[in-house]
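Listed below are the residues making up each chain.
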Amino acid sequence: MAFAYDDQNIFAKILRGEIPNDTVLETDHSLAFRDIHPQTPDHVLVIPKGPYATYDHFALEASDAEIVDFTRTVGRIAEMLGAQPSTGGGGFRMISNAGEDAIQEVPHMHVHVLAGRPLGRILQPA
Ligand code: AMP
């Protein structure tokens, strides 16, 4: 499978330091920052530093080190937000939009971590 990646997307520019971001956590392979238009009291985007367009691109082509780092970063964000159910937090939801049907706006793989209020059911009618 040949995946394409456009390095002019806004998250690529954030990773190059060309535009600012509200960083929550940075690791060797991942960056977590607050969404500019938060949908919940806590709305953090977690992105890999590597050039992956969609979740499937990342899952199929990233190195084990990148995937472990990314997964741990999501866990650290849940911890930092106080959202972990295991410690009395209210919980959280992860969403990764990929492609047209999911209305992916930024073509750099990202996971939304949403927390801070009850989130309702996973999908509303289209
Ligand atoms: P998606 O539709 O999954 O591609 O979501 C893209 C997300 O990126 C949206 O929730 C936007 O609010 C967010 N976003 C766009 N530009 C920025 C930015 N410069 N800093 C932080 N979040 C952004």
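Above: the structure in question.
The present account deals with the structure reproduced in this document.

Below, the discussion takes up the site of the ligand. Around the ligand sit 16 residues, and of these Asp35, Asn97, Glu105, His110 and His112 come closest. Contacts to the ligand include aspartate 35, whose side-chain N or O atom sits 2.5 Å from an oxygen atom. Backbone polar atom of valine 106 to an oxygen atom of the ligand: 3.0 Å apart, as the coordinates give it. The pocket occupied by the ligand, as judged from atoms lying within 2 Å of grid points, is the largest pocket. Going through the elements one at a time, helix 1 (10–15) and strand 2 (30–34) are the ones with two or more residues in the shell around the ligand. Per-element accounting of the shell around the ligand gives the leading share, 3 residues, to helix 1. When its residues are assigned to classes, the shell around the ligand shows 8 nonpolar, 5 polar and 3 charged.

So, about the nonpolar core. Membership of the largest hydrophobic core comes to 16 residues, with the highest contact counts inside it found for Val46, Phe70, Ile77, Leu81 and Val113. Elements represented by at least two residues in this core include exactly strand 3 (42–48), helix 3 (64–80) and strand 5 (111–115). One finds Ile14, Leu31, Phe33 and Val106 within the second-largest nonpolar core, a separate group that totals 7 residues.

Quick notes on the rules
Residues numbered from 1 in each chain as written. Predicted model: local features only at pLDDT ≥ 70, side-chain atom pairs only at ≥ 80, totals over all residues. Heavy atoms only, no water. Near = heavy atom within 4 Å. Polar contact = N/O pair within 3.5 Å; in protein donor to acceptor, adjacent residues only side chain to side chain. 1 Å grid on protein atoms, 1.4 Å probe; cavity = no way out; pocket = protein on both sides within 12 Å on 5 of 7 lines; lining within 4 Å. Sits in = over half its atoms within 2 Å of the grid points. Helix = DSSP H or I, 4+ residues; strand = E, 2+ residues; numbered from the N terminus. Nonpolar A, V, L, I, M, F, W, Y, C, P; charged D, E, K, R; others polar. Core = buried A, V, L, I, M, F, W, Y, C linked by side-chain atoms within 4.5 Å. Buried < 20%, exposed > 50% of the residue type's maximum accessible area, 1.4 Å probe, protein only.

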